[in-house]
Amino acid sequence: MEVSVLNINGQETGRKVTLNESIFGITPNDHVLYLDVKQYLANQRQGTAKSKERSEISGSTRKLGRQKGGGGARRGDINSPLLVGGGRVFGPKPRDYRFKLNKKVKTLARKSALSYKAQESAIIILEDFNLEAPKTKEFVNVVKNLKIDSKKVLLLLPEVNKNVYLSARNLQRSEVMLASTLNAYKVLNADVLVFTEKSLQVVDGLLTK
């Protein structure tokens, strides 16, 4: 699959790039995508939710009523979960939600996500560029020139570029990240992927090892 290389003005440069079929042309594996996205979202969780159980509530341990004959459920002290203000049964406790996925699974997930975007013709190749200063207006102009200002855009860079990152930081629909940190969730969450020529080479080298 060939894609034309554009400049920041949205014009064709006359060059074309051939997308690697082993990365952008495979049959997507939906189950692997599910696992990778699930792991990514699980890793974002703080896991600090906590509620007090019966033994942690401050209150008297005196038995409130007789065991039988009261006409209601059995309850002991005022900390009983049956009563308002009592402890919570099986409430959340601090825990780590992270889990492991094999490298091959994660690699296949990224390839599957990229293949979906290639099928949707949602990939743009941009020639390598740099902004002289952090200017949000300049980045907005680039997105408008590419005619993707109404879509969620993910721009992939080959290396850290502070000016480009700061220029896009305040834009709700745009995100900038390093090609080396690409993951399936970010790819699927974006409407359009914008690769610079060098970032495409980084992804190619990363996923063909």
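Residues numbered from 1 in each chain as written. Predicted model: local features only at pLDDT ≥ 70, side-chain atom pairs only at ≥ 80, totals over all residues. Heavy atoms only, no water.

- The name given to the protein in an unreviewed UniProt entry is Large ribosomal subunit protein uL4, with Hoylesella nanceiensis as the source organism.
- Turning to the protein, the UniProt record has this under Subunit (unreviewed entry): "Part of the 50S ribosomal subunit."
- Taken from UniProt, the Sequence similarities (unreviewed entry) comment for the protein reads in full: "Belongs to the universal ribosomal protein uL4 family." (UniProt positions renumbered as here; feature names shortened; annotations may be inferred.)

### What about the side chain of glutamine 39?
Working step 1: Locating glutamine 39 in the fold gives a position in helix H2 (residues 30–44).
Working step 2: In this view, glutamine 39 contacts Phe99, Lys100, Leu101 and Lys106; residues no more than four positions away in its chain are not counted. (Helix = DSSP H or I, 4+ residues; strand = E, 2+ residues; numbered from the N terminus. Contact = heavy atoms within 4.5 Å.)

### A word on the environment of asparagine 102
Working step 1: Inspection of the secondary structure puts asparagine 102 in the loop between H2 and helix H3 (103–119).
Working step 2: Take asparagine 102: its relative accessible area is 47%, and that puts it in the partly exposed class.
Working step 3: The spatial distance from the C-alpha of asparagine 102 to the C-alpha of aspartate 36 is 10.0 Å, given a sequence separation of 66 residues. (Buried < 20%, exposed > 50% of the residue type's maximum accessible area, 1.4 Å probe, protein only.)

### Observations concerning the sheet that holds strand E1 (residues 2–6)
Working step 1: Taking strand neighbours across the sheet as the criterion, the six strands line up as E2-E1-E3-E6-E4-E5 in an open arrangement whose pairing is mixed. Of all the strands in the sheet, just strand E2 (12–18) and strand E5 (174–178) have a single pairing partner and so form its edges. Strand-to-strand twist across the sheet, computed as the mean angle between neighbouring axes with direction ignored, equals 30 degrees.
Working step 2: Sheet analysis places E1 next to E2, joined by four bridges and oriented antiparallel. Residue pairing in the sheet places leucine 6 in a bridge with glutamate 12 of E2.
Working step 3: Sheet strands touched by helix H7 (residues 197–207): E1, E2, strand E3 (123–126), strand E4 (153–157) and strand E6 (192–196). Its angle to E6, the strand with the most contacts, is close to 100 degrees. (Pairing = 2+ DSSP bridges. Axes fitted to C-alpha atoms, helices over the stretch in contact; angles between N-to-C directions.)

### Description of empty space enclosed by the protein
Working step 1: Per the counting criterion, the structure on display carries one cavity of 30 Å³ or more.
Working step 2: Of the pockets and cavities examined, the largest cavity occupies roughly 60 Å³.
Working step 3: What lines the largest cavity is Leu126, Phe129, Phe139, Val142, Val143, Leu146, Ile148, Val153, Leu155 and Val194.
Working step 4: Elements that contribute at least two residues to the lining of the largest cavity include exactly helix H4 (136–145) and E4.
Working step 5: With three residues, H4 is the largest single contributor of residues to the lining of the largest cavity.
Working step 6: For the lining of the largest cavity, a count of residues per class yields ten nonpolar, no polar and no charged. (1 Å grid on protein atoms, 1.4 Å probe; cavity = no way out; pocket = protein on both sides within 12 Å on 5 of 7 lines; lining within 4 Å. Points joined across faces, edges and corners; volume = space filled by probe spheres on them. Nonpolar A, V, L, I, M, F, W, Y, C, P; charged D, E, K, R; others polar.)

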